[in-house]
Structures are given as C-alpha cells and as structure tokens.
Amino acid sequence: MAQFDVIVIGCGAVGSAALLHLAKAGQRVLGIDRFQPPHRFGSTHGETRITRAAIGEGVDYTPLAQRSHDIWRELERETGARLFEQCGCLFIPSRHGGEVHGVTSAQFFANIETAARLHGVDGETLSPERLRANYPAFATAASDRAFLDREGGYLLVEDCVRTELAVAARHGAELLTGRRVTAFRRVGNALTVTMDDGASASATTLIVTTGPWITELIAPLQRRVNVTRQVLYWFEILSNPERFGPEAPVFIWDVSGRERAASDIYGFPWLGSPAKGVKIANEVMTGEADPDRVSREVTLGEIAATYETYVRPFVPDLGPTCLRSEVCLYTNAPGGRFIIDRDPADDNVIYASACSGHGFKHSPAVGEALAAMAMGAPPRVDVSGFALDRLCTR
C-alpha cells in the first residue's frame, strides 16, 4: 500500500492549492480526484471568477484575498502563466434591502468600506453622478452609488487549477484522477483511504476538499450545507462593445427588488473579442441539487427568463442571444460562510467547505492554511474564525 504524509481528496480550487503548498514544503503528498481537474462538474470552470480585496462578506476575508493575490502573482512569475487580470471590481448595492452571500446589501457595502479602510485596499466610493458618468453600461438609478475596488479583477479559473497542479507535480506531488474515495479509516498511526476501484493508500493526515460531495466523507456537515445549481451565461453584445472591453471592471450589482429581480447579478469584460459576448449570471439559490444528478442542460426558457429579468433592464447593451452557458454548483453554509475545521472523530482529518459561491478568489490562501495545519504549523492567515462551532454561534 502506498504511504504518504498527506492525501488531498478533491483537487479543484482549494485542493489543488493545498497540494501545491504541501509539495513545495517537501511533503510526500497524493491528490485524488473523481474527475480530471480542471473539469466542468463542480464549481471550478467557466473561464473566469471574480476576485476582490475589500470583501463584503466580512472583513475577516480580506487577509485571505490579499494573500491569495500575492500567491497568484508568485505563480505567474514562476511559470509565465496568465492567471490574474487586475481590472478592478465594481460593487453596486441594492436600494431595496437585498442580500449578497448571506449578508444584507447595506451591510455588504459597509463591510467593503470598512475592509478597505482597515486593510489599506486601493479603492473608493463613487457618487451616483460618477457611477453613471464612468460606467454607462449599467442602467443605474439616480440614487445608486458604488465602490470601486482597484485591487479586484478576475481569475482564469481552469488555468489557475491547471498551473497549481503542474507546479505541485514538479515538486513531487502525485495525482490520481478518475478515482472516487469511498471511505477512510484509521489503522494504527495512519489513515487509509479506499477508492472505488478497490485501490487504497494511507497517510498521516487527510485533507478533504470535495466541494459539493463533501458530506459523503465529512459527517458533521450533513444537514449543515446545501448544494444549489447555478447557471453562467454569455450574452451577445448589441451595442457599445468598448464598455465591456479589457479595461472594464468586473461587477457585482445587487438588483434585487428592482423590476422582477430577486438577487444580485455579476459579470466580466469580454475575453478575446466582443464576438464572444459578456459572461453574466445571477445568484438566485432555490432548491437543493444532487451533484451526481443535477441537470447540466440550460433550457431556452431559462435563458429567456434570465435575459428579461436580469440582463435587459440593467445592461441594455447586451442582447437576448446566449452564445454559451455552463452549469456550476454552489455548496452553501448558513450566512454564506466558509467552514474550515478538523473532523471531531479524527484530528488528522482536515476539511474545507463550503465556499458558498465566493470561494475561488480565496483558494490559494485557504490551501496554504490547510497545508500548514496538516504539517502542524500555524497558518499564515488565521482561519480559526471559520471553524464549524463558530458557524453555529453566529
């Protein structure tokens, strides 16, 4: 049976980062994934993810985001890969009491301003006049204001995971793909994992980062998290393509309460050329999805409803033709929080989930923290506030 210091189960956003940091630290490390990462079955696909430094979900996230930005830049220098485009992130709060990732829109905006002040984030609050003058792509109201986080932008999500896994391999990490871990058990001083093909491996420590499948192996999270189906759309540009060009910021706009909208929308500059359209999505979270049975077909009815409710009233330069769509999964915890902890049944089993729809930007720093925990060292960024018992007391 193969023996390792650490086995990482699930090699998407957080798992690939943990594998990278462990391998760089000289650990004998094995990564196991049921698919071939990066893949389109979980939460880490669809070209891009937003990143930002002034974090509205809570000021305690900002150190993770800033450390993650440093790690992306280090990886870019090390590999020559293009991973992080710092075009800025524009947040426009709701005037109608909406909510973003479990935080009221008003509090989200207040948290952004507080995080920027406390952590020295380069950004500023924009008046309604400046918002409308500088960003005419958005049909904002006369009273809407915004915050521009200049440290934000977007990450090329599949390239990020691919690069982390490649660098981890260069530092000696092993990766098994197309294998599902069905169970683990303690045997003496080691933890042994069993895979669906009958193979097994053992290690001193396990890190479980399986996203929407997390409850299969981590019992304390059962009935604590839920998985939802989310759709990403690329809509055609009808007019003014320069408003969505490479210099345009990513945006998060809480439009809930306007027209028929019930959530925020978010979007990106066009990539490559305007002909590829603008990626945009909402975050309505209704119904629980089974990650193994979720429908990955996006219907014409879904596309039309999304355009009429979330695109046409707010981003009028975009047209109704959807050039591409993707289905991804959110694994949600109460209040939109992360959960990073040890399994109470075995202190050497460490897990990280759920990311509640805003985790990719933080994944390098979370992976670094998990690696430190596995090696018995204090994480560079404190993650104790994301323990499960802290979640329960909120």
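For the structure itself, look to the data block above.
Everything quoted here is computed from the prediction, not taken from an experiment. (Residues numbered from 1 in each chain as written. Predicted model: local features only at pLDDT ≥ 70, side-chain atom pairs only at ≥ 80, totals over all residues. Heavy atoms only, no water.)

(A) Spatial organisation of the packing of aromatic side chains. Enumeration over the complete set of coordinates arrives at 15 aromatic pairs. On the basis of an interplanar angle of 70 degrees and a centroid distance of 5.9 Å, the ring pair of Phe138 and Trp253 is categorised as edge-to-face. You can see Phe138 sitting in the loop between helix H4 (128–134) and strand E9 (146–149) and its partner Trp253 sitting in strand E16 (residues 250–254), a full 115 residues away along the chain. With relative accessibility at 9%, the residue Phe138 sits in the buried group. (Phe/Tyr/Trp six-rings, centres within 6.5 Å; stacked < 30°, edge-to-face > 60°. Helix = DSSP H or I, 4+ residues; strand = E, 2+ residues; numbered from the N terminus. Buried < 20%, exposed > 50% of the residue type's maximum accessible area, 1.4 Å probe, protein only.)

(B) Highlighting unusual backbone geometry. Cis peptide bonds are those with omega within 30 degrees of zero, and the linkage from Pro37 to Pro38 qualifies with 0 degrees. Tracing the chain through its elements places Pro38 in the loop between strand E2 (29–33) and strand E3 (48–51). Despite not being glycine, His101 has its phi angle at roughly 50 degrees, a positive value. As for its placement among the helices and strands, His101 is situated in the loop between strand E6 (99–100) and strand E7 (103–104).

(C) Examining the packing of helix H1 (residues 13–24) against helix H5 (residues 157–170) more closely. At a minimum axis distance of 8 Å, the contact between H1 and H5 shows a crossing angle of 25 degrees. With respect to each other, H1 and H5 are oriented roughly parallel. Both H1 and H5 take part in a crossing whose hand is left-handed. From H1, Ala13, Ser16, Ala17, Leu19, Leu20, Ala23 and Lys24 reach across to H5, where they touch Val161, Glu164, Leu165, Val167 and Ala168. Its residues assigned to classes, the contact of H1 with H5 comprises 9 nonpolar, 1 polar and 2 charged. (Axes fitted to C-alpha atoms, helices over the stretch in contact; angles between N-to-C directions. Parallel < 35°, antiparallel > 145°, perpendicular 65-115°, else oblique. Left-handed = near helix turned anticlockwise from the far one by under 90°. Contact = heavy atoms within 4.5 Å. Nonpolar A, V, L, I, M, F, W, Y, C, P; charged D, E, K, R; others polar.)

(D) Quick look at the pattern of salt bridges. Under the counting rule described, the total for this entry stands at 26 salt bridges. In this structure, Asp5 and Arg28 form a salt bridge, with 2.8 Å as the shortest nitrogen-oxygen distance. Within this pair, whereas Asp5 is found in strand E1 (residues 2–9), its partner Arg28 is found in the loop between H1 and E2, the two being separated by 23 residues in sequence. Glu308 is the salt-bridge partner of Arg312, the closest N and O atoms lying 2.7 Å from each other. Salt bridges here are not isolated pairs; linked through shared partners, they connect Arg40, Glu47, Arg324 and Glu326. (Salt bridge = Lys/Arg side-chain N within 4 Å of Asp/Glu carboxyl O.)

(E) Inspection of the nonpolar core at higher detail. Counting 43 residues, the largest nonpolar core has Ile207 and Leu370 as the members making the most contacts within it. Secondary-structure elements contributing two or more residues to this core are E1, H1, helix H2 (62–79), H5, strand E21 (346–352) and helix H7 (363–374). Residues within four places of Leu370 in sequence aside, it is in contact with Val14, Ala18, Ile207, Thr209, Ile340, Ile350, Tyr351 and Ala352. Ranked by size, the runner-up nonpolar core spans 31 residues in total, among them Ile237, Val255, Ala261 and Val298. (Core = buried A, V, L, I, M, F, W, Y, C linked by side-chain atoms within 4.5 Å.)

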